[in-house]
Amino acid sequence: MARDPKSPRGGPLVAGWREWAGLPDLGLPWIKVKLDTGARSSALHAFDLQELPGDRVRFSVHPWQETDADAVTIERPIHDRRTIRSSTGHTQERIVVLTTLTLAGETIEAEVTLSNRDQMGFRMLVGREALRQGFLVDPARSFVAGRAPKEIRRRNRGRA
């Protein structure tokens, strides 16, 4: 993982347009993510959202692409609610949770909106607000930080 030598602490980490990341607070050590500089917010595939007393939300996540295997149920405090405009121009109010995100060996705090991404190629997008915490995206590269272990990659492809 390269750093830009022109900035403090060796500069931002250079990452590819897609990487393997982790969401340790959510019990998800591996998830394939798309780094999307066109999106302001980060978004996580979530379904069965239930608002709970005390400004909390319970939701489930399918961590692997194109499969519903290994669903994880999570409960978190609601951090905020945001109106998000999709790339097609539609607006939607989404619940926002705070979580830690590990990417390329670095851990940051990220605001993540919850939405159903079942039809999308990636279960998570990492947007500009998270990326500005020390990452540059090289759109010509993928998996600059390395790949998940073979067993995880096989599960992600539905062949566990």
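Okay, so let's go over this structure.

Considering the packing of aromatic side chains
- Applying the stated criterion to the full structure yields two aromatic pairs.
- Between Trp-17 and Phe-122 the ring centres are 5.8 Å apart and the planes differ by 75 degrees, which places this aromatic pair in the edge-to-face class. Of this pair, Trp-17 sits in the loop between strand 1 (13–16) and strand 2 (18–23) while Phe-122 is found in the loop between strand 10 (106–115) and strand 11 (124–126), placing the two residues 105 residues apart along the sequence.
- The class for Trp-17 is partly exposed, based on a relative accessible area of 29%.
- Taking the relative accessible area as the measure of exposure, Phe-122 reaches 11% and is therefore buried.

Observations concerning the pattern of salt bridges
- As enumerated under the stated definition, the model contains 10 salt bridges in all.
- Between Arg-56 and Glu-75 there is a salt bridge; the shortest N-O distance is 3.0 Å. With Arg-56 in strand 6 (residues 56–61) and Glu-75 in strand 7 (residues 72–77), this pair connects stretches of sequence that are 19 residues apart.
- For Arg-56, a relative accessible area of 28% puts it in the partly exposed group.

Here's the deal with unusual backbone geometry
- Even without being a glycine, Asp-70 presents a positive backbone phi close to 60 degrees.
- Here Asp-70 shows up in the loop between strand 6 and strand 7.
- Positioned with a positive phi, Ala-104 is a non-glycine residue whose angle comes to about 55 degrees.
- Of note, Ala-104 is situated in the loop between strand 9 (91–103) and strand 10.
- Using a relative accessible area of 23% as the deciding quantity, one classes Ala-104 as partly exposed.

Conventions adopted
- What you see as residue numbers is a count from 1 along each chain, following the sequence as written.
- Residues qualify for local features only when their pLDDT is at least 70, as the model is predicted, and side-chain atom pairs are given and counted only at 80 or more; totals for whole chains, interfaces and linings, by contrast, use all residues.
- By convention in this description, side-chain values take in all heavy atoms of the structure and omit both hydrogens and water.
- Each Phe, Tyr or Trp ring (for Trp, its six-membered ring) is paired with any other whose centre lies within 6.5 Å, and the angle between the two planes then decides the class: stacked below 30 degrees, edge-to-face above 60, tilted in between.
- The secondary structure listing takes helices from DSSP runs of H or I that are at least 4 residues long and strands from runs of E that are at least 2 residues long, numbered from the N terminus.
- Using a 1.4 Å probe on the protein chains alone, a residue whose accessible area is under 20% of its type maximum counts as buried, one over 50% counts as exposed, and one in between counts as partly exposed.
- Only one rule defines a salt bridge in this text: a Lys or Arg side-chain nitrogen within 4 Å of an Asp or Glu carboxyl oxygen.

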